Amino acid sequence: MTKSLSTVSEKSGLPPGALIHVGDVLETVTRISVIDYSTEHFEEQTIQSIDEILKYKDSNTVTWVIIEGLTNVDVVERIGTMFDIHQLVLEDIMNTHQRPKFEEYDDYLYIVLKCLSTENDQFAVTYEQISLLVLKNFVFVFKEKKDDLFHPIQKRIRSKRDRLRKFGTDYLTYTILDIIVDQNFIVIDSLDDAINSVEDTLLASEPTKDTLNTIQRLKREVANIRKHVSPVRELIAGMLCSESELIDEKIHIYLKDVSDHAIRIIESIESYRDILIGLLDIYISIVGNKMNEIMKVLTIFASIFIPLTFLAGIYGMNFEYMPELKWKWAYPALWSVFITISVVLLIYFKRKKWL
Amino acid sequence: MTKSLSTVSEKSGLPPGALIHVGDVLETVTRISVIDYSTEHFEEQTIQSIDEILKYKDSNTVTWVIIEGLTNVDVVERIGTMFDIHQLVLEDIMNTHQRPKFEEYDDYLYIVLKCLSTENDQFAVTYEQISLLVLKNFVFVFKEKKDDLFHPIQKRIRSKRDRLRKFGTDYLTYTILDIIVDQNFIVIDSLDDAINSVEDTLLASEPTKDTLNTIQRLKREVANIRKHVSPVRELIAGMLCSESELIDEKIHIYLKDVSDHAIRIIESIESYRDILIGLLDIYISIVGNKMNEIMKVLTIFASIFIPLTFLAGIYGMNFEYMPELKWKWAYPALWSVFITISVVLLIYFKRKKWL
Amino acid sequence: MTKSLSTVSEKSGLPPGALIHVGDVLETVTRISVIDYSTEHFEEQTIQSIDEILKYKDSNTVTWVIIEGLTNVDVVERIGTMFDIHQLVLEDIMNTHQRPKFEEYDDYLYIVLKCLSTENDQFAVTYEQISLLVLKNFVFVFKEKKDDLFHPIQKRIRSKRDRLRKFGTDYLTYTILDIIVDQNFIVIDSLDDAINSVEDTLLASEPTKDTLNTIQRLKREVANIRKHVSPVRELIAGMLCSESELIDEKIHIYLKDVSDHAIRIIESIESYRDILIGLLDIYISIVGNKMNEIMKVLTIFASIFIPLTFLAGIYGMNFEYMPELKWKWAYPALWSVFITISVVLLIYFKRKKWL
Amino acid sequence: MTKSLSTVSEKSGLPPGALIHVGDVLETVTRISVIDYSTEHFEEQTIQSIDEILKYKDSNTVTWVIIEGLTNVDVVERIGTMFDIHQLVLEDIMNTHQRPKFEEYDDYLYIVLKCLSTENDQFAVTYEQISLLVLKNFVFVFKEKKDDLFHPIQKRIRSKRDRLRKFGTDYLTYTILDIIVDQNFIVIDSLDDAINSVEDTLLASEPTKDTLNTIQRLKREVANIRKHVSPVRELIAGMLCSESELIDEKIHIYLKDVSDHAIRIIESIESYRDILIGLLDIYISIVGNKMNEIMKVLTIFASIFIPLTFLAGIYGMNFEYMPELKWKWAYPALWSVFITISVVLLIYFKRKKWL
Amino acid sequence: MTKSLSTVSEKSGLPPGALIHVGDVLETVTRISVIDYSTEHFEEQTIQSIDEILKYKDSNTVTWVIIEGLTNVDVVERIGTMFDIHQLVLEDIMNTHQRPKFEEYDDYLYIVLKCLSTENDQFAVTYEQISLLVLKNFVFVFKEKKDDLFHPIQKRIRSKRDRLRKFGTDYLTYTILDIIVDQNFIVIDSLDDAINSVEDTLLASEPTKDTLNTIQRLKREVANIRKHVSPVRELIAGMLCSESELIDEKIHIYLKDVSDHAIRIIESIESYRDILIGLLDIYISIVGNKMNEIMKVLTIFASIFIPLTFLAGIYGMNFEYMPELKWKWAYPALWSVFITISVVLLIYFKRKKWL
Ligand SMILES: [Mg+2]
Ligand SMILES: [Mg+2]
Ligand SMILES: [Mg+2]
Ligand SMILES: [Mg+2]
Ligand SMILES: [Mg+2]
Ligand SMILES: [Mg+2]
Ligand SMILES: [Mg+2]
Ligand SMILES: [Mg+2]
Ligand SMILES: [Mg+2]
Ligand SMILES: [Mg+2]
Ligand SMILES: [Mg+2]
Ligand SMILES: [Mg+2]
Ligand SMILES: [Mg+2]
Ligand SMILES: [Mg+2]
Ligand SMILES: [Mg+2]
Ligand SMILES: [Mg+2]
Ligand SMILES: [Mg+2]
Ligand SMILES: [Mg+2]
Ligand SMILES: [Mg+2]
Ligand SMILES: [Mg+2]
Ligand SMILES: [Mg+2]
Ligand SMILES: [Mg+2]
Ligand SMILES: [Mg+2]
Ligand SMILES: [Mg+2]
Ligand SMILES: [Mg+2]
Ligand SMILES: [Mg+2]
Ligand SMILES: [Mg+2]
Ligand SMILES: [Mg+2]
Ligand SMILES: [Mg+2]
Ligand SMILES: [Mg+2]
Ligand SMILES: [Mg+2]
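Please read all numbers here as calculations on a predicted model, not as lab measurements.

Rules used throughout
Starting from 1, residues in each chain are numbered consecutively following that chain's sequence as written. Ligands are numbered from 1 and chains lettered from A, in the order in which they are written. Totals for whole chains, interfaces and linings use all residues, but because this is a predicted model, local features are given only for residues with pLDDT of at least 70 and pairs of side-chain atoms are given and counted only at 80 or more. With hydrogens and water excluded, all non-hydrogen atoms of the structure serve as input to the side-chain values. In this description, strands pair whenever DSSP reports at least two bridges between them. Each helix corresponds to a stretch of at least 4 residues labelled H or I by DSSP, and each strand to a stretch of at least 2 residues labelled E; elements are numbered beginning at the N terminus. To obtain an axis, a line is fitted to C-alpha atoms, over the contacting stretch when the element is a helix, and the angle between two such axes runs from 0 to 180 degrees between their N-to-C directions. Contacts are assigned to residue pairs with any non-hydrogen atoms lying within 4.5 Å of each other. As a per-residue measure, pLDDT reflects the predictor's confidence and takes values from 0 up to 100. UniProt positions are given in the numbering used here, feature names are shortened, and annotations may be inferred rather than shown by experiment. Least squares is the method used to superpose the copies, on C-alpha atoms of residues holding a pLDDT of at least 70 in both. Here the quantity called buried area is the total loss of accessible area, with a 1.4 Å probe, experienced by two parts when brought into contact, counted for both. We define a salt bridge as a side-chain nitrogen of Lys or Arg found within 4 Å of a carboxyl oxygen belonging to Asp or Glu. Residue type decides the class: Asp, Glu, Lys and Arg count as charged, Ala, Val, Leu, Ile, Met, Phe, Trp, Tyr, Cys and Pro as nonpolar, and the leftover types, Gly among them, as polar. Side-chain rings of Phe, Tyr and Trp (the six-membered ring for Trp) are treated as a pair once their centres are within 6.5 Å; stacked means planes under 30 degrees apart, edge-to-face means over 60, and tilted covers the remaining angles. The buried label goes to any residue with under 20% of its type's maximum accessible area, the exposed label to any with over 50%, and the partly exposed label to all in between, with areas taken from a 1.4 Å probe on protein chains only. Charges are assigned to positions over rings by a cutoff of 6 Å between ring centre and Lys NZ or Arg CZ, combined with an angular limit of 35 degrees from the ring normal.

Moving on, we get to the sheet that holds strand β7 (residues 109-118) of chain B. Residues and elements named next belong to chain B. On the basis of which strands lie adjacent, the open sheet formed by 7 strands has the order β4-β3-β5-β9-β8-β7-β6 and mixed pairing. Each edge of the sheet is formed by a strand with only one pairing partner; in this case those strands are β4 (42-47) and β6 (101-104). Neighbour-to-neighbour, the strand axes of the sheet open up by a mean angle of 15°, direction not taken into account. As paired strands, strand β3 (residues 31-37) and strand β5 (residues 62-68) are joined by 7 bridges and run antiparallel to one another. Within β5, the residue paired with Y37 across the bridge is V62. Sheet contacts for helix α1 (residues 73-83): β3, β5, β8 (125-134) and β9 (138-143); angle to β9, the most-contacted strand, approximately 160°. The strands touched by helix α6 (residues 231-241) are β6 and β7; relative to β7, the strand with the most contacts, the crossing angle is about 150°.

This is the structure:
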């Protein structure tokens, strides 16, 4: 049975642990890849039925199962039965609105986090939820999308000399986390470009409503990234504190390295957030600046020509007794008055630095 | 005796534990429903007098009593006497201004929190206070309103195979908390819609005082939601730390699941709060933008026509000696001056990107 | 000797523990009331000399002494000598600029906090400092003002059946704290009214400098309330942690109830603070809105009539060769030009939604 | 050797503990005062050479040495040698850019903090660094300036009955800290005056660039005060936690009193900071308000006279066929049109509350 | 092999510990300096191959190796092999995007932080990453640039009497950290100058878009400095908590001194951040102020001359029956009306303080 709900609120009222996919459907068909390896041994295949992994259950090799596409409830349910996974964990795997977290059970670990990616043109981040079930000899990875995210790891496993082949499921888990966290650097680079571009538009040319729109959109993106990335710090801290036998102490130094990266990413996000908040104040400043420029033009034109027009208006009056009208030099004299007033006002505005 | 006070400040000075309903009256008649169940047994009824539950007191079944409507002080007082509940707990049940909290007593647990709901059209959140008294074999739920919030749970209990039938009062408590916390997702969805709609109005069309009004209203709503929802995190943390025998350790994983949901809701609320604060700055920016547009129109009209009017004024003067007035081509020549000035200024404004 | 200093900075340099009243003088005459009670016994009187309480010193009854008015140094000094109170505590009682706090000594507890009240018309909070000295059989309360704050408690003590009569000084202390903390709800209600009224003025009618003045005044009031109320949380936490024999464990649940109230008040204050900060941005938005409205009126008038005036100016020129002047239909034709221009511009402004 | 560097950055690269005065030179000549006292004994003098204190080294009296003026490196170095003070402590004494702190060594304590003062006219805070070296029988105080800050203490010591005479160096240390911390209340009072005066200017009369200047200056002053005062809280907390024998437990209650004062000062500073940030928004609001007022005047004048001028312009045209020109009542009729238009517009503006 | 990647995101997907230089290339050729010293012994040289340090491996002297320029992967890899350094540490040394941190391994310590410097003219901070590997008898320093940063230390080591010669690698480590942290004071001084200069421009003369540009640039610089400097506090706290035998307890007091300096720098950065945020509000205020000034000029000119022009327009009308036109004193009378109106309006504007 494969049904999907698009928002988490639709599920309200269902019994806890009722298995149903919640979230947008990114893949309709589920692909299951299996890699089985030990120091000496290597095997790689795509399987049709999840039951095909049963044969790896009793060997001492590391079996890495990648499930791409989450709409097939049966697969998840079958894994749950096979390895005695708690119903709530299965539910979390199927519900793609999880906050990143680490949970420790007697026989397995559950890790869930988000893999971020951006499209090239506009800065729009997409989030893929990735769940890891780590057992003694198995690592299950549940992804929403089919892609080549783990190809570098797969390539390394194929090489017999790679460190991956010498360690267990904990080191594989680290390698997976590392590659997911490192994706964020690409997103951060792309965010940096987007913000710089807004900043340039703002400070160099004329800011429009579009700029405003972009700032607001980036602010929301940053808020979202922050929400999905900052719990990763505490996720790894949880793994480091864990006393589960599934994480060897040798792995700690590797996890700390991932943690370092996560902290750097979170700090960058925080400072981008500050910068974006500041950009709105700059926008307001620039709008005010432009207003001043506009008003200066108006004021200069009006202040010079309004008095002159008044003067011209006076000598356009039709009074019978207006002696000036008959003076021979009145007209050129008035022109010199016009010019004098204009020059005086222009100097005045120049002094005020309005010109 | 059933009297109600509408604000908490009216109660100031009364002895502690003086039982009186404080808060708005949402139901005038109290309804009492009882569900009694065990693995094998199931019984469901609406009772008139609270004394009818006495018969369940000595059986090992789980008895769930739902009291809807809080104006009937007698019911609460009688339960207090029957099960030896502390006077201050009874007072808290009757006073609907409680902050969500968890309290542990020797023989029972007290939990109080808010159930949020929104009306469809405008985003206006209403808060219903729900109190839980959890005993070894009893769960009392005190609600302000009669509604079908718990129908999904009741339906599950009726099914003999449901997990609820196998667990005790602690699992029932979890199920109730879960359904209340999950209501918040609906509110959050609705808040998201409301904010998106404001944002669209703001960035697409002309923002009015109404938009401002809505932003301010949403800000206050978000402040209120935050006040009522964020203590839930610490409420559940308290339950997880509790060493009471009334909460079995098996239930912890379920409570953690509720906690996850609560944290996600709180984080969403926080980011909506940030967005709403930012919207005011955007409003100010857009108002400034519009001002610039208005001023450009004025400046262009005024700057072009004021000098021309002055020129026309000059040749409207009545001086006797104005040689131009007699020139044959003066009038068309002046027109070409008019046109030249206009064109020059239009090009100037075009260059400034005001057109 | 009774001298008072009005600001704390005047005291700088005096030896520590130099007893002198610091603060505004709210009462010039000191009133001392004594209530002595036990389960069976009750006695109530106003005394002239503090030495009259000596007779209660060796009985097992609870003696509650209320000192209203703090300018009489002798009373405080005498109590200090009688019960061996530390000089710094006496100093704190006399100096009404204390931050709320709880201090534990070998034989007594010292509690100091503020009782808030508001005048009806304008929201202006006044602060009265109340100090409590709690001993085994004595509770001393030092207040700045004579009022009926404690009348409800006094009334309860008179009733032989009231719980107060069965407990000791710790329960009386709780009752006093409860009544003081509950006063804050009245202040909060009144603050809520004041803020709503500002908000209404802001969003409905024309905001003036007065509105600004009120917002700023409310912000300072809220800052002050916060300063005086938020330490109460930590005060009660201190009492709950205390291992003094003067606070029985049975009283803890009552103190937690006061703490609940204090937390709710502090959270309300915090959210009012946020709202007030936001109101300034709304004020700025509304001022900007009004400016736009004013400028639209100006721009519409100017943009329509300035071109028309120019046209009229042209035909007011006195050139000899202006063929139009002689055309028969020139004048009505020009009128239709006037009307056409006006209509076109009006439609243009209508389209821009300026009308 | 006495050389001084004015900024700390000039010292970069020098070996740690290289003794040189860093900071502004407030006194060029160093004064050394010595007070030696016990319950029975009292002696007071100004000495020329620091070696004169050697004679007090073996007596059980308390010896208080006040060094005013820090340019004389030899004095500090000699004390360092005499009492085996760590080179880094001596360096800190000589460098007047220290953050307030408390350091505990085997045989002595080192305390450094700032003494604040303000000039009367303008609110400009000056900071004097005061270092204390507390030994078993010695207290060294290093000040930058010669003044009468400690006169009240000196006066008290002279009196044989004063508590100071009965206690050791720890109580003297408390007394010194108390007097330094209490200086802050004077600064706070003066800051309050300065802020109130800005607020009044802002809300009552016309705010100018000067007001802005003052707000910004006050903000920086508050930021500086905060930087120099807030570590005092943690300084005293450090003293209270210390297990050094140099601080008797009897002194704790006195130190808590200083701590209370420090906390009150820090809280005041925080709320002044909030108020100052808010003042800028008020400034912006008021500037907007004034703009509206100005624009109303312009709009009213322009909107009334521009249409009228147009009408007058029409009848100033020189068309041959303009029938109105010949009508007898045309001129008075036009006047009534002028008046009607003006009145209608004035009513319109009145209704809009622009008048 | 020497290849470099310019951004960290390009490395995503590489196996952990893959040695490659990530960051901008500041030096293409690597210089290796070695200083070997003990109380009695001193030796200083520049070596070509890192293998030349092998001879110091078994002596008890302190060997300080400074590697300037990070593009030569072989050097780092060779050191890693010689001293058995973890692959992830080597990776961090080569990747110049590290967050400052302290890591403790069994046989060595790893410290990485940033050295800040500014160019003179414009405030533009450059960051050089410096890594320290501290072993029992070796200190390796990896720098991006060749410069004379450590010359003062080198000079001190040459002197036989200097404290450095008596201590081990921990004291040398302290000396290096001290000199790096002290560089920040120079940057802070330079930042202070830059901010003061902006503030002066803002408050004294006319603020332009350039000022805005500078404010924004400084804000980003401060955000960056903060990101790179604030972890230093926790770095040193980590060293103080460390129980490694590589840090003698005698060194703690020196590290605390560095910590003091770091805290002072961080606090300065925080307050500069606040000031910069405030400057934008001041900018907006000043732009508003200028607008008011401009509008006053316009309003005064327009309000005076527009009514006068209207009056002149009236008497420019060509009605046959306009009695005033024939009055003898009409023209001078009108002039006195003109003057009266102007004077009245000027007084009005004077009263409003617009003049
Ligand atoms: Mg659920
Ligand atoms: Mg989340
Ligand atoms: Mg990584
Ligand atoms: Mg979104
Ligand atoms: Mg946001
Ligand atoms: Mg690393
Ligand atoms: Mg702002
Ligand atoms: Mg009460
Ligand atoms: Mg609440
Ligand atoms: Mg749930
Ligand atoms: Mg509300
Ligand atoms: Mg879940
Ligand atoms: Mg704002
Ligand atoms: Mg004092
Ligand atoms: Mg005190
Ligand atoms: Mg306070
Ligand atoms: Mg209460
Ligand atoms: Mg305030
Ligand atoms: Mg006050
Ligand atoms: Mg209660
Ligand atoms: Mg603003
Ligand atoms: Mg140094
Ligand atoms: Mg400091
Ligand atoms: Mg004091
Ligand atoms: Mg300064
Ligand atoms: Mg602001
Ligand atoms: Mg990597
Ligand atoms: Mg960093
Ligand atoms: Mg240093
Ligand atoms: Mg940057
Ligand atoms: Mg130092």
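The structure having been displayed, the exposition proceeds.
Further remarks concern the sheet that holds strand β7 (residues 109-118) of chain E. Residues and elements named next belong to chain E. Reading across the sheet, the 7 strands line up as β4-β3-β5-β9-β8-β7-β6 and stay open at both edges, with mixed pairing between neighbours. Looking at which strands have only one partner, the edges of the open sheet turn out to be β4 (42-47) and β6 (101-104). Each strand axis lies, on average, 15° off the axis of its neighbour in the sheet, ignoring direction. By the bridge criterion, 4 bridges tie strand β8 (residues 125-134) to strand β9 (residues 138-143) in an arrangement that is antiparallel. Considered in β9, the bridge of L133 is made with F140.

Turning our eyes to something else, we now look at the confidence of the model for chain A. Across chain A, the average pLDDT comes to 92, with 96% of residues at 70 or higher. If you check the scores for this complex, the pTM reads 0.88 and the ipTM reads 0.87.

Per the UniProt record, the feature "transmembrane region" (unreviewed entry) sits at residues 297-317 and 329-349 of chain A. Helix makes up 86% of residues 297-317 of chain A and strand 0%. Its end C-alpha atoms lie 30 Å apart.

Two copies of one chain are present, and they are related through a rotation about an axis combined with an axial shift. Between chain E and chain A, the superposition needs a rotation of 72° and an axial shift of 0.0 Å, giving an RMSD of 0.0 Å. What we have between these two chains is a five-fold relation. When each C-alpha of chain E is compared by its distance to the rotation axis, G316 of chain E comes out closest, at 4.6 Å. A share of only 19% of interface residues in chain E that are also interface residues in chain A marks the association as one of differing surfaces.

With that out of the way, let us pick up the interface of chain E and chain A. Of the residues lining the interface, 62 residues belong to chain E; the matching set on chain A comes to 70 residues. Both faces combined, the contact of chain E with chain A buries some 5600 Å², and carbon together with sulfur accounts for 63% of it. Inspection of the chain E/chain A interface yields 6 salt bridges. Between E267 of chain A and R99 of chain E there is a salt bridge, with the nearest N and O atoms lying 2.8 Å from each other.

What follows deals with the interface of chain D and chain E. If you look at the interface, chain D gives 62 residues, while chain E gives 70 residues. Counting each side, the surface lost to burial between chain D and chain E is near 5600 Å², with a carbon and sulfur contribution of 63%. Counting the contacts that link chain D with chain E gives 6 salt bridges. Between D274 of chain E and R273 of chain D there is a salt bridge, with its nearest N and O atoms 2.6 Å apart. Of the residues forming the side of chain D that touches chain E, the biggest block, 19 residues, is contributed by helix α7 (residues 252-314) of chain D. Class assignment of the residues belonging to the side of chain D that touches chain E gives a composition of 31 nonpolar, 14 polar and 17 charged.

Right, let's get into the packing of aromatic side chains. According to the stated counting rule, one finds 92 aromatic pairs over all chains in the structure shown. Plain terms: the ring middles of F83 of chain B and F140 of chain B are 5.3 Å apart, the flat faces sit at 65° to each other, and that makes the pair edge-to-face. Note that F83 of chain B is positioned in helix α1 and F140 of chain B in strand β9, a separation of 57 residues in sequence. Of the two residues, F83 of chain B and F140 of chain B, both sit in the buried class. Among the aromatic residues, those joined into a cluster by ring pairs are F301, F305, W335 and F338 of chain A together with F310 of chain B. The ring centre of Y321 of chain C lies 5.7 Å from the NZ or CZ of K328 of chain B, which sits over that ring.

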